[in-house]
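As a plain string of letters, each chain reads:
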Amino acid sequence: MSEANWKVEVTGACIASGMCVGTAPAYFELDGDRNRSVPRSARPAPDPLLLSVADSCPLEAIRVHDAGGTLLAPLD
Amino acid sequence: MTDNAPGYPFGDGTGLALEPEYGRLRAEEPVSRVQLPFGGRAWLVTHHADVRKVLTDPRFSSRATTANPDGPRFTPQPLFPAGVMSMDPPEHTRIRSLVSRAFTGGRVEALRPRIAEIAGGLADAMLEKGPPADLVSMFALPLPVTVICELLGVPYADRDRFRELSDALLSTTALPPEEIFAAVMALNEYLAGLIEERRAEPRDDMLSDLVRARDEDDRLSEQELVEFGVGLLVTGHETAATQIGNFIYMLARNPEQLAALRADPALVPQAVEELLRHTPLGAVSGIPRVAVEDVELSGVTIRAGDSVIPSINSANHDESVFEDAHRLDIHRPSNPHIAFGHGVHFCLGAQLARAELQIALETLLIRLPGLKLATDGDADLAWKKGLLIRGFSELPVTW
Ligand code: HEM
Ligand code: HEM
Ligand code: SF4
């Protein structure tokens, strides 16, 4: 893992729409028991796809920060 | 492959009871061959887990469905490529990330007071007129129509025109193909005109935002913009309007559930989820997908190029996920229904539709506490005909 890696989290607002899992299966998977999405890695290498997915989540449940902790997406 | 594939859809699109064939298939043949009205055969998928798989697995494509216009379909006219629904990632991801911001949970929360105001005004008009009244034309339809028109910035005066055109667009057999095509063209033209107005004179509405996403960032093409607007108008009208009528009917036919809801209106949000699960809105569900590679599903090999119908309605009645699945139970503790779809095409308007449905039920329960159907049996009820959606064209109620 590089120092520059981003931070990805899925908050409790997730309703398991499957949107992120269908769009970016390399980054998210559904936890069937808890009926919500979980990131496959909390510190992935930077990838603009993560920003698009965070912007698309209907509940704004996906938060993407850069290594320094600045929120990259979703932004208003 | 069985030779005698049954015809699909199973019913004629009337009635809100899911056809018994689905239950039989879930038990005996969860991935089975069916014959579509036009263009050949498809695989019908009926288990909750398999339906979710089809809807999230990139090996099942929406784009490939419209790329083959003469393929298996429900409509006589060939499929025409239109809108987000017929795109795959990454094209789809680009559009969704541009338009989703207007529909997030937070934005919708901010709209609630205005939705409640519109609903209250419609209830006032019903009370003023006095019983009996047609719930569809006086409440169920004008509520989402007003909301989506205000959101997009469509003048209220044009709403009747929209309803006509949107009905035509969702029709399968009610209208000849030329008329459906003409309606699509007319809607496109209308939207293009509205977009020109917003470009010249931006306002505080979604259409202006979308025009900006095109003009400043140049990320949304003119055609994408028009198609997206048309898609929103159509889906924003028909779905929520139909479900409001359907929900009132379902509650009237389940008086003990209705009584529980009246006794405790705090149950409305979970009642809406259960009604969404239980009420099959589509005569079928969603557009078919096409496998782009061979895929194994519940022991059946789906070949590349085969059409697949993921039955959302059947998934929502899967006994292995929902105890007593056929029962409407607003107290259901866990409800992982997929009435808004699943995966990349998960309903863009889900949070808006939830807010509209919750506010509609609350308003009707509180303002018209004696609300009931004006007919006893189902014989007199007027069902939408030839449309892909199940519901009432009129629903006489009294209070
Ligand atoms: C009831 C069963 C349904 C069937 C058979 C059906 C079928 C279709 C077909 C054939 C198209 C044209 C696809 C294309 O040419 O690309 C379409 C478009 C579309 N459908 Fe459905 N649909 C159904 C239900 C729904 C529902 C419940 C929604 C959600 C609100 C929905 C949302 C859409 C959208 C957004 C489009 C794109 C429209 C556009 O951009 O012009 N559909 N549908
Ligand atoms: C009770 C109301 C509604 C239900 C049950 C519903 C259901 C659905 C379903 C099942 C799909 C996915 C179809 C598929 O994957 O084949 C869908 C997609 C969609 N819905 Fe809804 N919908 C409702 C209301 C709305 C509203 C009010 C809007 C707009 C304001 C809307 C806009 C859309 C759009 C744009 C899509 C396509 C999304 C995409 O392709 O990425 N829907 N809806
Ligand atoms: S898109 Fe959002 S709501 Fe849907 S599964 Fe992913 S995190 Fe959850």
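Fair warning: this is a prediction, and the values are worked out from it, not measured in the lab.

S.K.: Can you lay out the coordination of the iron atom of ligand 2 for me, pointing to particular residues and giving the numbers?
M.R.: Within the protein, a single donor atom binds the iron atom of ligand 2, namely Cys347(B) (SG) at 2.3 Å. Within the secondary structure, Cys347(B) sits in the loop between helix 14 (312–315) and helix 15 (350–367).

S.K.: Pulling in residues and values, what's your account of unusual backbone geometry?
M.R.: For the bond from Ala73(A) to Pro74(A), the omega torsion is 0 degrees, close enough to zero to count as cis. Cis peptide bonds are those with omega within 30 degrees of zero, and the linkage from Pro131(B) to Pro132(B) qualifies with -5 degrees. One can find Pro132(B) in the loop between helix 5 (105–129) and strand 4 (133–134). Its identity is not glycine, yet Ala16(A) carries a phi of approximately 60 degrees, on the positive side. Positionally, Ala16(A) belongs in the loop between strand 1 (7–10) and helix 1 (19–23).

S.K.: Requested: an account of the site of ligand 3, with residues and values cited.
M.R.: Taken together, the residues surrounding ligand 3 are Val10(A), Cys14(A), Ile15(A), Ala16(A), Ser17(A), Gly18(A), Met19(A), Cys20(A), Ser37(A), Cys57(A), Pro58(A) and Ile62(A). When its residues are assigned to classes, the shell around ligand 3 shows 9 nonpolar, 3 polar and no charged.

S.K.: I'd love a proper account of the sheet that holds strand 4 of chain B, names of residues and values included.
M.R.: Residue and element names in this part refer to chain B. Spatially, 3 strands are ordered 4-12-9 in an open sheet, and the strand pairing comes out antiparallel. Looking along the sheet, the strands with just one partner apiece sit at the ends: strand 4 and strand 9 (372–373). Examined bridge by bridge, strand 4 and strand 12 (residues 396–398) share 2 bridges and lie antiparallel to one another. Bridging from a neighbouring strand, alanine 133 pairs with valine 397 of strand 12.

S.K.: I'd like a description of the environment of Val154(B), backed by residues and values.
M.R.: All names here are of chain B. Residue position: valine 154 is located in the loop between helix 7 (142–152) and helix 8 (159–169). Valine 154 sits 37 residues away from leucine 191 along the chain, and the two C-alpha atoms are 8.8 Å apart. Residues within four places of valine 154 in sequence aside, it is in contact with Cys149, Phe162, Tyr190, Leu194 and Leu233.

Analysis parameters
Residues numbered from 1 in each chain as written. Chains lettered and ligands numbered in written order. Predicted model: local features only at pLDDT ≥ 70, side-chain atom pairs only at ≥ 80, totals over all residues. Heavy atoms only, no water. Donors = N, O, S within 2.8 Å, 3.2 Å for Na, K, Ca; no water. Helix = DSSP H or I, 4+ residues; strand = E, 2+ residues; numbered from the N terminus. Near = heavy atom within 4 Å. Nonpolar A, V, L, I, M, F, W, Y, C, P; charged D, E, K, R; others polar. Pairing = 2+ DSSP bridges. Contact = heavy atoms within 4.5 Å.

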